[in-house]
Amino acid sequence: MTRTEILLRLQTIRDKGTQALKLLESQPLSVDTQAEIRSLAQWIKEELHSEYNRMLPERAQKTMSVFELSVYSPTIEETWKKSGISRLKIDGTLDEKWQEPLEAVVYNAGKYLS
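Residues numbered from 1 in each chain as written. Predicted model: local features only at pLDDT ≥ 70, side-chain atom pairs only at ≥ 80, totals over all residues. Heavy atoms only, no water.

Quick word on the packing of aromatic side chains
Here comes step 1: According to the stated counting rule, one finds 0 aromatic pairs in the structure shown.
Here comes step 2: Over the face of the ring belonging to tryptophan 43 we find lysine 16, whose NZ or CZ atom lies 4.8 Å from the ring centre. (Phe/Tyr/Trp six-rings, centres within 6.5 Å; stacked < 30°, edge-to-face > 60°. Lys NZ or Arg CZ within 6 Å of the ring centre and 35° of its normal.)

A closer look at the packing of helix H2 (residues 31-55) against helix H4 (residues 66-82)
Here comes step 1: The interhelical angle for the contact between H2 and H4, taken along N-to-C directions, is 130 degrees, at an axis separation of 9 Å. Taken together, the axis directions place H2 and H4 in an arrangement best described as oblique. Along this stretch, H2 crosses H4, giving a crossing that reads as left-handed. Residues Lys45, Leu48, His49, Glu51, Tyr52, Arg54 and Met55 of H2 touch H4, and the partners they reach there are Glu68, Tyr72, Ser73, Ile76, Glu77, Thr79, Trp80 and Lys81.
Here comes step 2: Here the residues of the contact of H2 with H4 sort into 6 nonpolar, 3 polar and 6 charged. (Axes fitted to C-alpha atoms, helices over the stretch in contact; angles between N-to-C directions. Helix = DSSP H or I, 4+ residues; strand = E, 2+ residues; numbered from the N terminus. Parallel < 35°, antiparallel > 145°, perpendicular 65-115°, else oblique. Left-handed = near helix turned anticlockwise from the far one by under 90°. Contact = heavy atoms within 4.5 Å. Nonpolar A, V, L, I, M, F, W, Y, C, P; charged D, E, K, R; others polar.)

Observations concerning H2
Here comes step 1: Taking 1.5 Å as the rise per residue, H2 with 25 residues should run 36 Å; its terminal C-alpha atoms sit 36 Å apart, in good agreement.
Here comes step 2: By the burial criterion, the buried members of H2 are Thr33, Ile37, Leu40, Ala41, Ile44, Lys45, Glu47, Leu48, Glu51, Tyr52 and Met55.
Here comes step 3: Buried residues belonging to H2 abut helix H1 (3-25), helix H3 (58-61), H4 and helix H5 (99-110). (Expected span 1.5 Å × (residues − 1). Buried < 20%, exposed > 50% of the residue type's maximum accessible area, 1.4 Å probe, protein only.)

Describing the confidence of the model for the protein chain
Any region with low pLDDT has predicted coordinates that should not be read closely.
Here comes step 1: Predicted confidence across the protein chain gives a mean pLDDT of 95, with 99% of residues reaching 70 or more.
Here comes step 2: H3 is the least confidently modelled element of the protein chain, averaging 91 in pLDDT, while H2 averages 97, the highest of any element. (pLDDT = per-residue confidence, 0-100.)

Section: the nonpolar core
Here comes step 1: One finds Leu48, Ile76, Ile85, Trp98 and Leu102 to be the most contacted residues of the largest nonpolar core, which totals 31 residues.
Here comes step 2: For this core, the elements supplying multiple residues, two or more each, are H1, H2, H4 and H5.
Here comes step 3: Setting aside its immediate chain neighbours within four residues, leucine 48 contacts Ile13, Ile76, Thr79, Trp80, Ile85 and Val105. (Core = buried A, V, L, I, M, F, W, Y, C linked by side-chain atoms within 4.5 Å.)

Description of the environment of lysine 111
Here comes step 1: Along the chain, the position of lysine 111 falls in the segment after H5.
Here comes step 2: The exposure class assigned to lysine 111 is partly exposed, which follows from its relative accessible area of 35%.
Here comes step 3: Remark: the alpha-carbon pair of lysine 111 and arginine 14, spanning 97 residues in sequence, is separated by 9.7 Å.
Here comes step 4: A polar side-chain atom of lysine 111 sits 3.3 Å from a polar atom in the side chain of glutamate 78. (Polar contact = N/O pair within 3.5 Å; in protein donor to acceptor, adjacent residues only side chain to side chain.)

Brief notes about H4
Here comes step 1: The end-to-end C-alpha separation of H4 is 23 Å, in line with the 24 Å expected for 17 residues at 1.5 Å each.
Here comes step 2: Residue tyrosine 72 marks the point of greatest curvature in H4, where the axis turns by about 35 degrees; the proline proline 74 follows within four residues.
Here comes step 3: Check the buried side of H4 and you find it contacts H1, H2 and H5.
Here comes step 4: Looking one or two places after H4, you find glycine 84, whose phi comes out positive at around 95 degrees. (Bend = angle between axes of the 7 residues up to and from the residue.)

Listed below in structure tokens is the structure:
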């Protein structure tokens with residue numbers, strides 16, 4: 001992937017996380033808003049998991065650019081493993097437990113964006 005593609009992916013992840021956080025702050029949460037938050041969180045979770053798994057094998061790492069190896073791969077790994085998004089139950093109750101993982105995703109994905 002090119003540097004531009006990587007930054008666009010990180011921006012999309014950050015933007016979807018930001019959107020989910022904004023929706024989560026609206027009270028009361030309508031059924032449609034809850035569905036949208038769940039959809040955004042599911043997309044983020046699937047995207048991070050897919051990218052984490054894609055970059056895991058050593059053979060995949062040999063084909064990566066320096067930027068992918070030094071910025072994108074560690075960012076995805078940290079976000080997937082440490083943000084809490086991997087443990088978020090998408091079909092669970094929408095409560096304050098959703099905020100911290102989403103904030104961590106937004107923060108991590110946005111670190112290298114200007």
